Amino acid sequence: MRQQARSLFLLLAGSTASGSSLAEWEVNMTEGVTAVSRNIYGLHMTILMICVVIGLIVFGVMFYSIFKHRKSKGAVPQQFHESTLVEIAWTSIPFLILVLMAIPATKTLVDIYNTDEADIDIKITGYQWKWQYEYVGEDVSFFSNLSTPREEVTNVRTKNPNYLLEVDEPLVIPVGKKVRFLVTAADVIHSWWVPALAVKRDAIPGFINEAWTNIDVPGTYRGQCAELCGKDHGYMPIVVEAKSEADYEAWLVAKKEEAEKERELTDKVWSMEELMARGEQTYNKVCAVCHQVNGTGMPPLFPALKGSAMATETSQIAAHVDIVVNGKKGTAMQAFANQLSEVDIAAVVTYERNAWGNNTGEMVTPKEVMEYKKTGKYVEETAKQAMPAKQQASL
């Protein structure tokens, strides 16, 4: 016990050694960058001050009574157990205080849930372990994945200031516009939380929860999934970029053009080298989190792809495509039909069948994947390029 007390003393002494140390001990809420977040902060401070005043009065009266009417001075306790006046006082005063506190709290709560007359609607879907953003009515949809390098996660490289809070595709919204978020999930319960915007909504499969924001100042605001959703819950960051209206419109036009080009890629004649390059990128971004970068997986929950029958036997190509497209019920294998394009599905299946020494020389084309999505049947194209033997040996 004495050693624990000494350790606590040293901790407190070290924490108060300088002003910078004190600054690191701040525990108050942040004010945020929206009108709602500032209202919440103001409400928080108002209620805190009321509680502080109540505490000072109650403890002040209590300590005064203990000191002034102590037994050593011959004080005799007053008996008022049946006092109607006291009963009314200690019931009505707290009631009035709660009513006064409820007025600003109710107003703020009404503002938080008022999603009417939004300028932009964005559907947010939580997946294990990424977010999908769909701009309703704009034909723009994309996934946002963690982009922190694996070297930082495994402590091979020094961690940057935004460690585990950076993504490949941020959510982009304009300043000065009311943006409504329609939050749901595709697998388990997640929670979309960005403290600076004062937005936190549970993402529940089969339900849509609404939230909104109106950002005043351009900038980048970060958050995380706030609901324990599986083994990679901590690798599910949120990044919101608020741009000026002109910059937002330019970004939206670029995303629409990008989506159109992506759709056109389905009709392109792909070579093995192109599919392998794209498949490696897709695999590392989407599949490696479960099946590992080297394809060894984490059996039995996440089976190995390296050397597996699924990824090496010619008779299993259709089954390989099916499990990527439709997933497997009762397991952690998700359906990627709506998460990946036909090009990405074809590329990742091709990569898995030829990486880590699998070297089947077989490739799946985007047209085959598109046909499989339509008919449920895998029909192999007649004209397909096989991987050169030299390239197989190099993998």
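Residues numbered from 1 in each chain as written. Predicted model: local features only at pLDDT ≥ 70, side-chain atom pairs only at ≥ 80, totals over all residues. Heavy atoms only, no water.

Chemist: I'd love a proper account of the nonpolar core, names of residues and values included.
Modeler: Counting residues in each nonpolar core, the largest one holds 38 residues, and the members touching the most others are I122, Y133, Y135, F181 and W192. With four residues, strand β5 (residues 179-185) is the single largest residue contributor to this core. If near-sequence neighbours (up to four positions away) are discounted, W192 is found in contact with I124, W131, Y133, L171, F181, V183, V199, K200, R201, I238 and V240. By size, the runner-up hydrophobic cluster in this structure holds 29 residues, among which are V324, V348, A355 and Y378. (Core = buried A, V, L, I, M, F, W, Y, C linked by side-chain atoms within 4.5 Å. Buried < 20%, exposed > 50% of the residue type's maximum accessible area, 1.4 Å probe, protein only. Helix = DSSP H or I, 4+ residues; strand = E, 2+ residues; numbered from the N terminus. Contact = heavy atoms within 4.5 Å.)

Chemist: Would you mind going over the sheet that holds strand β4 (residues 171-174) in detail, with residue names and values included?
Modeler: With respect to topology, five strands assemble into an open sheet ordered β4-β10-β9-β6-β7, the strand pairing being mixed. Pairing within the sheet leaves two strands with one partner each, and these edge strands are β4 and β7 (199-203). Ignoring strand direction, the axes of neighbouring strands in this sheet form an average angle of 20°. For strand β6 (residues 190-194) and strand β9 (residues 219-225), the ladder comprises two bridges, and the chain directions are antiparallel. Across the sheet, residue W193 finds its bridge partner in β9, namely Q224. (Pairing = 2+ DSSP bridges. Axes fitted to C-alpha atoms, helices over the stretch in contact; angles between N-to-C directions.)

Chemist: So what's going on with helix α3 (residues 35-68)? Which residues, and what values?
Modeler: Between its first and last C-alpha atoms α3 spans 49 Å; for 34 residues at 1.5 Å apiece the expected length is 50 Å, and the two agree. Along α3, the residues that are buried comprise V36, S37 and L43. The secondary structure elements touched by the buried residues of α3 are α4 (84-112) and β8 (209-213). (Expected span 1.5 Å × (residues − 1).)

Chemist: Give me the confidence of the model for the protein chain: which residues, what numbers.
Modeler: On average, the protein chain scores 86 in pLDDT, and the residues at 70 or more come to 90%. For the stretch residues 1-23, pLDDT sits under 50, and the model shows five contacts to residues farther than four places along the chain or on other chains. (pLDDT = per-residue confidence, 0-100.)

Chemist: Pulling in residues and values, what's your account of the sheet that holds β5?
Modeler: One open sheet holds the five strands; their spatial order is β3-β2-β1-β5-β8, and the pairing between them is mixed. Every other strand in the sheet has two partners, leaving β3 (140-144) and β8 as the edge strands with one partner each. Each neighbouring strand pair of the sheet contributes to a mean axis angle of 25°, computed without reference to strand direction. Of the pairings in the sheet, the one linking strand β1 (residues 120-127) to strand β2 (residues 130-135) comprises six bridges and is antiparallel in character.

Chemist: Which residues make up the packing of helix α10 (residues 342-354) against helix α11 (residues 366-375), and what values do they have?
Modeler: At their nearest, the axes of α10 and α11 sit 8 Å apart, and the two run at 115° to each other. The pairing of α10 with α11 is recorded here as roughly perpendicular in orientation. Helix-helix and strand crossings are classified by hand; for α10 and α11 the assignment is right-handed. The residues of α11 that touch α10, namely those facing E342, V343, I345 and A346, are P366, V369, M370 and K373. (Parallel < 35°, antiparallel > 145°, perpendicular 65-115°, else oblique. Left-handed = near helix turned anticlockwise from the far one by under 90°.)

Chemist: Any details on the environment of P303? Residues and values, ideally.
Modeler: Here P303 is to be found in the loop between α7 (272-291) and α8 (309-312). The exposure class of P303 is partly exposed, given its relative accessible area of 44%. For the pair P303 and Q292, spaced eleven residues apart in sequence, the C-alpha separation works out to 9.9 Å. If we ignore the near neighbours within four places in the chain, the residues touching P303 are H291 and G297.

Chemist: Before we move on, can you summarise unusual backbone geometry with the specific residues and values?
Modeler: Cis geometry marks the peptide bond from Q128 to W129; its omega dihedral reads 0°. Its place among the elements puts W129 in the loop between β1 and β2. Cis geometry is adopted by the peptide bond preceding P300, which originates at P299 and carries an omega value of 0°. Within the secondary structure, P300 sits in the loop between α7 and α8. Not every positive phi belongs to a glycine, and W356 is a case in point at roughly 55°.

Chemist: Which residues make up the side chain of T34, and what values go with them?
Modeler: Structurally, T34 can be placed in the loop between α2 (19-23) and α3. Classification of T34 by relative accessible area gives buried; the value is 2%. Once you skip the residues sitting within four places of it in the chain, T34 turns out to touch A196, L197, T213, N214, I215 and D216.

Chemist: Requested: an account of the pairing of β9, with residues and values cited.
Modeler: Pairing between β9 and strand β10 (residues 237-243): six bridges, direction antiparallel. Each residue of the ladder has a partner; that of G219, found in β10, is A242.

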